[in-house]
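One-letter residues, chain by chain:
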Amino acid sequence: MPTNIATTIADARRAVAEARQRGLSVGLVPTMGALHAGHLSLIRAARQENGFVVVSIFVNPTQFGPSEDLARYPRPFAEDVDKCRAESVDLIFHPDAAEMYPDGHVTFVEVHSLQEVLCGASRPGHFRGVATVVLQLFNIVQPDAAYFGQKDAQQARIIARMIRDLHVPVRLRVMPIVRESDGLALSSRNQYLDAEQRKNAVALSRALQEARRRVEQGERTAAVLVKLLTERIAATPGAVLDYAAVVDEATLQPLTRLAGKVLMALAVRYGATRLIDNTVLEIRSDS
Ligand code: AMP
């Protein structure tokens, strides 16, 4: 099957309806394009688990703050199409902003408490934009399953809560972080880094790995781990810490002592480029 491209909601709905008529299950991979191996891992999971795979490519304006990189966000659409073809994607949904947000759009989805912390603290309104566009995509495509990356741990949590709270009939699949060989988590924003920043960007995954080892060796005090993460970033040339957090994986609230499922997360600026990374640990009550 060739990869079709729909730019309107009506065309996307028609293509999905045809697939449904053929009895195929539908998997959706929401992206902002500039596809890399992280995105491809989601597409491959969707391909394995569904008869019909939809990749949305939409740089969603409502999730960017006024001083963020909306205008310069990379949009290599022709290359993205080639990558989707190579992965046997059935449909690319590539609407413009007016298609998704026609004049008079005033309805937004807010996932309170989860949206205000971590990345939400320095990017006010970001997750409101994310939750809104993802619910729009769910309503347009009506997929059986939707594929997200653990790279954006808070986003995955927020989508999970939205699905639960709004009774959205979709199965959420969260796939592991894909990394460069030195450990840097793949991101469309990595291409903003100059050679020096790229070299130093490995500090995020290194610091998280070190904190992880400390937990495996028995450390259970969150403040000790936050201090370690903070110090490692402070010691990295050109790196400015946005946050270092050790939180409960479900509520995203800070922990005092580590217990249950724990998310350790970092956001770091290199010049104008903001990178994030995280790792999840499960602390058994007897350990
Ligand atoms: P984006 O295009 O940045 O909005 O990302 C689209 C999806 O790809 C999101 O669910 C991300 O979490 C996921 N993603 C981005 N980078 C990675 C990565 N390095 N590994 C796994 N998934 C990723």
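As the structure is a computational prediction, the values presented were derived from the model and not from experiment. (Residues numbered from 1 in each chain as written. Predicted model: local features only at pLDDT ≥ 70, side-chain atom pairs only at ≥ 80, totals over all residues. Heavy atoms only, no water.)

**Student:** Go over the sheet that holds strand β5 (residues 145-149), please, and point to the residues and values.
**Tutor:** Pairing is parallel across the open sheet formed by 6 strands, whose spatial order is β1-β4-β3-β2-β5-β6. Unpaired on one side and paired on the other, β1 (4-6) and β6 (171-175) mark the two borders of the sheet. Taking each pair of neighbouring strands and ignoring which way they run, the sheet shows an average axis angle of 25°. Two elements, β1 and strand β4 (residues 91-93), share 3 bridges in a ladder whose sense is parallel. Along β4, the bridge assignment pairs asparagine 4 with leucine 91. Contacts between helix α2 (residues 37-49) and the sheet are confined to β2 (26-31), β3 (52-57), β5 and β6, with β5 contributing the most and set at about 155° to the helix. In the packing of helix α7 (residues 153-165) onto the sheet, contacts are made with β5 and β6, and the angle to β6 comes to roughly 170°. (Pairing = 2+ DSSP bridges. Helix = DSSP H or I, 4+ residues; strand = E, 2+ residues; numbered from the N terminus. Axes fitted to C-alpha atoms, helices over the stretch in contact; angles between N-to-C directions. Contact = heavy atoms within 4.5 Å.)

**Student:** Talk me through the environment of threonine 62; I want residue IDs and the actual numbers.
**Tutor:** As for its position among the elements, threonine 62 is in the loop between β3 and α3 (77-86). A residue is classified by how much of its surface remains accessible, and threonine 62, at 25% relative accessible area, is partly exposed. Separated by 66 residues in sequence, threonine 62 and arginine 128 have C-alpha atoms that sit 7.9 Å apart. Beyond its immediate stretch of four places on either side in the chain, threonine 62 contacts Tyr101, Phe108, Gly125 and Gly129. (Buried < 20%, exposed > 50% of the residue type's maximum accessible area, 1.4 Å probe, protein only.)

**Student:** Tell me about the site of the ligand, and name the residues and values.
**Tutor:** The ligand sits among 17 residues. The nearest are His39, Gly149, Asp152, Val178 and Leu186. Within the contact set of the ligand, an oxygen atom lies 2.9 Å away from a side-chain nitrogen or oxygen of histidine 39. At 2.9 Å, a backbone N or O of glycine 149 approaches an oxygen atom of the ligand. Protein chains shield 93% of the accessible area of the ligand, which is 490 Å² for the free molecule. Of all the secondary structure elements, the ones that give two or more residues to the shell around the ligand are β2, α2 and β5. (Near = heavy atom within 4 Å. Polar contact = N/O pair within 3.5 Å; in protein donor to acceptor, adjacent residues only side chain to side chain. Areas by Shrake-Rupley, 256 points an atom, 1.4 Å probe, with all protein chains shown as cover.)

**Student:** Lay out the sheet that holds strand β7 (residues 239-248) in plain terms, naming residues and giving numbers.
**Tutor:** Pairing in this open sheet of 3 strands is antiparallel, and the strands run β7-β8-β9 from one edge to the other. A single partner strand is all that each edge strand has here, and the edge strands are β7 and β9 (273-283). If you compare each strand with its neighbour and ignore which way they point, the axes differ by 15° on average. Pairing geometry for strand β8 (residues 260-270) and β9, over 11 bridges, is antiparallel. Across the sheet, residue glycine 260 finds its bridge partner in β9, namely isoleucine 283. Relative to β9, helix α9 (residues 203-216) is tilted by about 15°, and along the sheet it contacts β8 and β9.

**Student:** Break down the side chain of asparagine 278 for me, with residues and values.
**Tutor:** Mapping asparagine 278 onto the fold places it in strand β9. We classify asparagine 278 as buried; its relative accessible area is 4%. Here glutamine 150 takes part through its backbone oxygen, which lies 3.0 Å from a polar atom of the side chain of asparagine 278. Within the structure, asparagine 278 has its side chain in polar contact with the backbone oxygen of lysine 151 (distance 3.1 Å). Beyond its immediate stretch of four places on either side in the chain, asparagine 278 contacts Gln150, Lys151, Ala153, Ile177, Arg179, Leu208, Leu263, Met264 and Ala265.

**Student:** Explain the domain arrangement of the protein chain to me, and be specific about the residues and the numbers.
**Tutor:** Domain annotation for the protein chain reports domain 1 (4-175) and domain 2 (188-280). Taking only C-alpha atoms, the centre of domain 1 and the centre of domain 2 are 26 Å apart. Carbon and sulfur atoms supply 51% of the area that domain 1 and domain 2 bury against each other, a total of about 1,800 Å² over both sides. Between domain 1 and domain 2 we count 2 salt bridges in total. The partner of glutamate 249 in a salt bridge is arginine 157, and the shortest N-O contact between them spans 3.5 Å. One can count 9 residue pairs in polar contact (both at pLDDT 80 or more) joining domain 1 with domain 2. Broken down by secondary-structure element, the contributors of at least two residues to the side of domain 1 that touches domain 2 are α5 (119-122) and α7. (Domains from an automatic or database assignment. Buried area = accessible area lost by both parts, 1.4 Å probe. Salt bridge = Lys/Arg side-chain N within 4 Å of Asp/Glu carboxyl O.)

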